[in-house]
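Inside the fold
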Amino acid sequence: MRKIKATLILILILTSNLCLSQVTDSLENAIEENTKSIMAGLNKELNAFKGKVLPEFELTLLDGKKLSSESLKGKPTLINFWFSNCQPCIDEMPILNEIKSKFYRDVNFISITFQDHKEVTEFLNRVDFDFTHIIDAKEYLKSFGFFGYPKTLILDKDLVLTEIEKFIPKDVENELKNKAEFKNRIIAQLTELKKR
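Residues numbered from 1 in each chain as written. Predicted model: local features only at pLDDT ≥ 70, side-chain atom pairs only at ≥ 80, totals over all residues. Heavy atoms only, no water.

This brings us to the packing of aromatic side chains. Within this structure, the stated rule accounts for ten aromatic pairs. Ring plane angle 75 degrees and centroid distance 6.0 Å describe the contact between phenylalanine 114 and tyrosine 149, whose orientation is recorded as edge-to-face. On the criterion of sequence distance, the pair formed by phenylalanine 114 in the loop between strand 4 (108-112) and helix 3 (117-126) and tyrosine 149 in the loop between helix 4 (138-142) and strand 6 (151-155) is long-range, its members being 35 residues apart. Overall, the relative accessible area of 30% leaves phenylalanine 114 in the partly exposed class. Both rings, one in tyrosine 140 and one in phenylalanine 144, keep their centres 5.5 Å apart while their planes meet at 80 degrees; by these two values the pair is edge-to-face. Look at phenylalanine 144 and you get buried, because its relative accessible area is 1%. One aromatic cluster is present, formed by Trp82, Phe109, Phe123, Phe129 and Phe131 through successive ring pairs. (Phe/Tyr/Trp six-rings, centres within 6.5 Å; stacked < 30°, edge-to-face > 60°. Helix = DSSP H or I, 4+ residues; strand = E, 2+ residues; numbered from the N terminus. Buried < 20%, exposed > 50% of the residue type's maximum accessible area, 1.4 Å probe, protein only.)

Turning our eyes to something else, we now look at the state of the cysteines. Tallying each qualifying case throughout the model produces one disulfide. Between the sulfur atoms of cysteine 86 and its disulfide partner cysteine 89 the distance amounts to 2.3 Å. Negative torsions about the S-S bond denote left-handed disulfides, and the value of about 80 degrees found for cysteine 86 with cysteine 89 makes this one right-handed. Cysteine 86 sits in the buried class, given a relative accessible area of 5%. (Disulfide = S-S within 2.5 Å.)

Summary statistics for the chain give a mean pLDDT of 85 and a share of 76% for residues scoring 70 or more. Contacts of residues 34-42 to residues separated by more than four positions or lying in other chains number three contacts, the stretch itself having pLDDT below 50. (pLDDT = per-residue confidence, 0-100. Contact = heavy atoms within 4.5 Å.)

Time to look at the pattern of salt bridges. Taken as a whole and judged by the stated rule, the model has eleven salt bridges. For arginine 185, the salt bridge is made with glutamate 165, and the minimal N-O distance between the two is 2.9 Å. In this pair, arginine 185 is assigned in helix 5 (residues 175-195) and glutamate 165 in strand 7 (residues 161-166), connecting sequence segments 20 residues apart. According to the relative accessible area criterion, arginine 185 is partly exposed, its value standing at 37%. For glutamate 165, a relative accessible area of 5% gives the class buried. Between lysine 177 and glutamate 181 there is a salt bridge, and its shortest N-O distance comes to 3.5 Å. Separated by four residues within a single helix, lysine 177 and glutamate 181 lie in helix 5, roughly one turn from each other. Overall, the relative accessible area of 49% leaves lysine 177 in the partly exposed class. (Salt bridge = Lys/Arg side-chain N within 4 Å of Asp/Glu carboxyl O.)

Okay, structure coming up:
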């Protein structure tokens, strides 16, 4: 009798584990599909701005001065949307800094965040991000709809949005390759815009 009970318990445990494994796999697949669907919708919303002029702004810089979008006209502009708790944002900052060092004379490099002066200052004391920083831009960011961070907008000299670069995919095996591709795409786009 004990042997039968032990066998039944073992069968029950194995069956439960198998069922739980199937439920877990199904749940993971559903979450992945749902995430892909949401991201596709968000990217479609943001992509609607491609080929259009950047929504006008006059926003506050980290030093308290104002910057208007009108003042950026005349040369290409790269705008990075970020916030300090966004690890993908932080991961791409060294690449963006490197790109800026190559094009700083010919391209405007702007960062825009919804965070306030204190949060941005504390972050920049720890992390090098060598852009012109617009802060407290929550309302302006809403004009783009909801989207994931980070996003990098590339605009021509008339502030027409030509490209949107999304975050670098988290893929440990191909991390260096993905970062190089991200960097090369942006460099190629800025090089082309510089010629126009």
